[in-house]
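Coordinates in review
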Amino acid sequence: MAKNLTPVWNKVAKHAMLPETTHDERARYNFLSNLNKHLAHVSHGTKTAYETRVAPKFKKEHGRDIQSRAELKAAIEQDPHYQIWSSLRRSTMEMRQQAGRSLTLRQAKALRDKAAALNEGKSTLVLNPEVKVPEYLLAVDNHIMPGSYHTELLEGDVAPAANYDSGIFVTTAGLIGRYNDGGGKAITTWVRQNYPDFKPKRILDIGCGLGHNVLPIAKAYPDAEIIAIDTGAPMLRYGHARAMDLGYKNVTFMQMDAAKTIFEDESFDWIQSTMFLHETGGKSIYKIMDEVYRLLKPGGLTLHIEQPQYTDDMSEYEKFMRDWDALNNSEPYWSKMHDIDPVELMEASGFKKENFMQIGAKAENDLVEDGVNAEEPEDFGRSPIWNVFGAFKK
Amino acid sequence: MEEELDYIKLASNKSKGKRPYFHDDHAVERVLNITMAIAGELAVMRERMDSIERLLEKKGTVSREEIENFVPETPEQEEQRQSWHSEYISRVLRIVQQEQEEMENPDKSIEEIANDINEM
């Protein structure tokens with residue numbers, strides 16, 4: 001068998017909200033996940049180009065090594081291999097959005113109606129049109145997803161979530177599982193293994209999107225009351241309908257800004273975010289952490305799954321490549337958040353340094369036989385290997 | 001009656017922020033994008049042909065000659081074929097549409113937006 005094959009898209013778990021796909025639409029996703037994987041596996045080429053051409057040329061011209069990310073950027077941008085790799089990667093991500101949107105938007109009304117039928121009369125979906133989409137989300141279309149998470153092309157639209165749900169398989173080349181829940185599963189396993197006596201009664205997931213990472217938590221703690229909040233109404237409508245169809249009864253989806261929720265002080269045992277904070281803003285992230293501290297009960301736990309922070313022992317090349325996706329796949333705050341010290345972020349809200357924890361988490365993937373992904377080359381932010389930081393409130 | 005979404009045009013929209021170009025000559029990047037989209041569609045077609053050939057082999061009901069001589073038999077079939085072409089061309093020429101959208105609505109760079117967001 002050939003190496004490095006991605007799973008076929010039709011292995012993605014089917015549920016009532018997943019958009020219908022034609023033969024060619026599935027084939028298009030298969031092509032794009034293969035192209036994505038190909039580019040991840042040839043991305044060592046940029047490192048080779050950097051080490052054998054870019055850095056030596058700079059040294060020859062300047063009589064010294066490259067000293068900053070800005071110098072590195074200016075130098076590597078002249079390299080033809082970097083240019084072709086980057087332009088192909090950007091093109092792949094644009095094609096992924098085009099493919100997802102073309103299949104989703106053609107059936108936007110049908111999807112909207114399906115969600116409305118599943119959501120009708122349910123107290124577990126609480127939308128609030130008064131909630132403003134935060135300015136950091138209005139400033140950019142994260143993941144070069146035109147219209148981002150909140151734009152409604154139709155009244156009651158769910159298309160942004162349907163596009164995200166059906167296409168994230170392509171971006172991650174099938175590494176995060178049939179339900180795209182590899183992150184949520186990994187954190188659930190970690191908490192149960194390390195804190196078997198932790199029995200949260202009330203759990204909050206902030207920036208839940210379509211809820212794919214909160215459902216494993218809901219499954220692991222069936223007696224807990226779980227609330228998942230987001231500002232994007234299309235994500236919540238779709239996420240709630242998806243959860244209904246998948247048989248989850250203990251998750252309430254609410255439209256709310258994580259920096260200013262309506263919940264009472266000390267009312268949650270566990271507050272979780274998964275790949276959310278790097279899509280916020282430089283001031284908002286502190287406000288959100290203040291809110292997390294306010295809402296946590298004494299003895300409560302908060303965890304945040306994120307990309308690794310930059311450390312002093314990380315090369316400028318690696319930092320530059322980690323910024324690549326942030327700037328060229330439009331997750332711009334990520335390029336700034338890398339430089340925040342999570343200890344300082346949490347201490348600023350009242351958490352104590354001695355209660356801080358940081359762990360690595362690897363996605364659990366039910367698309368591969370033993371549930372563990374094969375070793376992948378470093379793909380600077382795409383690999384399903386994350387940094388988790390957090391603290392108990394004591 | 002609710003208005004229909006122009007999903008073909010909407011699907012190829014650009015995202016916020018000035019598009020990064022990596023080649024010195026933008027024309028190179030434009031042609032590369034068009035070429036990669038065609039590469040994708042060729043792969044899609046290859047997968048479809050693979051399905052057809054496997055099904056034909058399995059069932060043995062359709063001859064190659066019948067396929068060779070087929071033309072659309074109803075107005076509906078004609079429309080389906082033409083819609084396919086329209087969507088196909090929009091997909092392949094996505095970058096040209098997006099450059100036009102950028103001209104119509106000049107944008108900040110993502111680095112400028114990162115700085116803006118850092119103050120939000």
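It should be noted that the structure appears before, not after, this text.
Only a predicted model underlies this, so the values are computations on that prediction, with no experimental measurement involved.

Right, let's talk about the overall build of chain B for a bit. Check the secondary structure of chain B and you find 6 helices and 0 strands. Counting helices and strands in the order they occur from the N terminus, chain B gives α-α-α-α-α-α. Taken against the 2.2 N^0.38 rule, which gives 14 Å for 120 residues, the C-alpha radius of gyration of chain B at 21 Å runs more than 25% over that of a compact globule. A burial count over chain B gives 19% of its 120 residues as buried. Taking as baseline every contact in chain B between residues at least 6 positions apart, the subset at least 24 positions apart corresponds to 85%.

Attention now goes to the nonpolar core. All names here are of chain A. Ranked by size, the top nonpolar core spans 70 residues in total, and within it Leu204, Val214, Ile226, Ala228, Ile229, Tyr238 and Ile271 carry the most contacts. For this core, the leading source of residues is helix 10 (residues 233–245), giving 7 residues. Those residues within four positions of Ile271 in sequence are excluded, and the remaining contacts are Leu204, Ile206, Val292, Leu295, Leu296 and Thr302. One finds Ala40, Ala173, Ile176 and Ala361 within the second-largest nonpolar core, a separate group that totals 28 residues.

Attention shifts here to helix 7 (residues 159–171) of chain A. Residues and elements named next belong to chain A. In this model helix 7 runs 18 Å from its N-terminal to its C-terminal C-alpha over 13 residues, within 8% of the 18 Å that 1.5 Å per residue would give. Remark: the principal bend of helix 7, roughly 30°, maps to Asp165. Burial of helix 7 is extensive: 12 of the 13 residues sit out of reach of the surface. Ala159, Pro160, Ala161, Ala162, Asn163, Tyr164, Asp165, Ser166, Gly167, Phe169, Val170 and Thr171 are the residues of helix 7 that are buried. Where helix 7 is buried, its residues meet helix 1 (23–41), helix 4 (80–105), helix 5 (108–119) and helix 10. Ala173, located one to two residues past helix 7, shows a positive phi value of around 50°.

What follows covers the sheet that holds strand 8 (residues 385–392) of chain A. All names here are of chain A. Pairing in this open sheet of 8 strands is mixed, and the strands run 1-4-3-2-5-6-8-7 from one edge to the other. Taken across any chain shown, the strands that pair with only one partner, and hence form the sheet edges, are strand 1 (125–126) and strand 7 (356–362). Bridge count for strand 1 against strand 4 (residues 251–255) is 2 bridges, and the pairing is parallel. Within strand 4, the residue paired with Leu125 across the bridge is Phe253. Those strands touched by helix 10 are strand 1, strand 3 (225–230) and strand 4, and its axis lies near 170° from that of strand 4.

Below, the discussion takes up unusual backbone geometry. All names here are of chain A. For Ala173, which is not glycine, the phi dihedral falls at a positive 50°. Tracing the sequence through the fold places Ala173 in the loop between helix 7 and helix 8 (182–194). Residue classification places Ala173 among the buried positions, given that 27 C-beta atoms sit within 10 Å. One non-glycine residue, Glu266, adopts positive backbone phi at about 50°. As for its placement among the helices and strands, Glu266 is situated in the loop between strand 4 and strand 5 (268–274). For Glu266, a count of 15 C-beta atoms within 10 Å gives the class partly exposed.

Moving on: the packing of helix 7 of chain A against helix 10 of chain A. Residue and element names in this part refer to chain A. Between helix 7 and helix 10, the least distance of the axes is 7 Å, while the angle of their chain directions is 65°. Crossing hand, helix 7 versus helix 10: right-handed. Packed against helix 7, whose contacting residues are Ala159, Pro160, Ala161 and Ala162, the element helix 10 presents Pro234, Met235, Tyr238 and Gly239 at the interface. Looking at side-chain class alone, the contact of helix 7 with helix 10 contains 7 nonpolar, 1 polar and no charged residues.

Before going further, it helps to spend a moment on helix 2 (residues 26–59) of chain B. Its 34 residues place the ends of helix 2 of chain B 50 Å apart at the C-alpha level, agreeing with the 50 Å of an ideal helix rising 1.5 Å per residue. Residues of helix 2 of chain B that are buried: B:Glu29, B:Asn33, B:Met36, B:Ala37, B:Gly40 and B:Val44. In the core, the buried residues of helix 2 of chain B are packed alongside helix 1 and helix 4 of chain A together with helix 4 (75–92) and helix 5 (94–104) of chain B. Note on helix 2 of chain B: the residue one or two positions beyond its end, B:Gly60, has a positive phi of about 60°.

Moving on to the environment of A:Tyr310. Residue and element names in this part refer to chain A. Relative to the elements of secondary structure, Tyr310 occurs in the loop between strand 6 (296–306) and helix 12 (316–328). Separated by 12 residues in the primary sequence, Tyr310 and Arg322 place their C-alpha atoms 9.1 Å from one another. With near-sequence residues (within four places) excluded, Tyr310 lies in contact with Lys319, His338 and Asp339.

Contacts between the two partners involve 42 residues from chain A, matched on the other side by 36 residues from chain B. Taken together, the elements giving at least two residues each to the side of chain A that touches chain B come down to helix 1, helix 4, helix 6 (135–138), helix 12 and helix 13 (333–337) of chain A. At 12 residues, the largest contribution of residues to the side of chain A that touches chain B is made by helix 4 of chain A. In terms of residue class, the side of chain A that touches chain B is made up of 18 nonpolar, 14 polar and 10 charged.

The rules behind the values
- Residues numbered from 1 in each chain as written.
- Chains lettered and ligands numbered in written order.
- Predicted model: local features only at pLDDT ≥ 70, side-chain atom pairs only at ≥ 80, totals over all residues.
- Helix = DSSP H or I, 4+ residues; strand = E, 2+ residues; numbered from the N terminus.
- Rg over C-alpha atoms; globule rule 2.2 N^0.38 Å.
- Buried ≥ 20, exposed ≤ 12 C-beta atoms within 10 Å, placed from the backbone.
- Contact = placed C-beta atoms within 7 Å.
- Core = buried A, V, L, I, M, F, W, Y, C linked by C-beta atoms within 7 Å.
- Expected span 1.5 Å × (residues − 1).
- Bend = angle between axes of the 7 residues up to and from the residue.
- Pairing = 2+ DSSP bridges.
- Axes fitted to C-alpha atoms, helices over the stretch in contact; angles between N-to-C directions.
- Left-handed = near helix turned anticlockwise from the far one by under 90°.
- Nonpolar A, V, L, I, M, F, W, Y, C, P; charged D, E, K, R; others polar.

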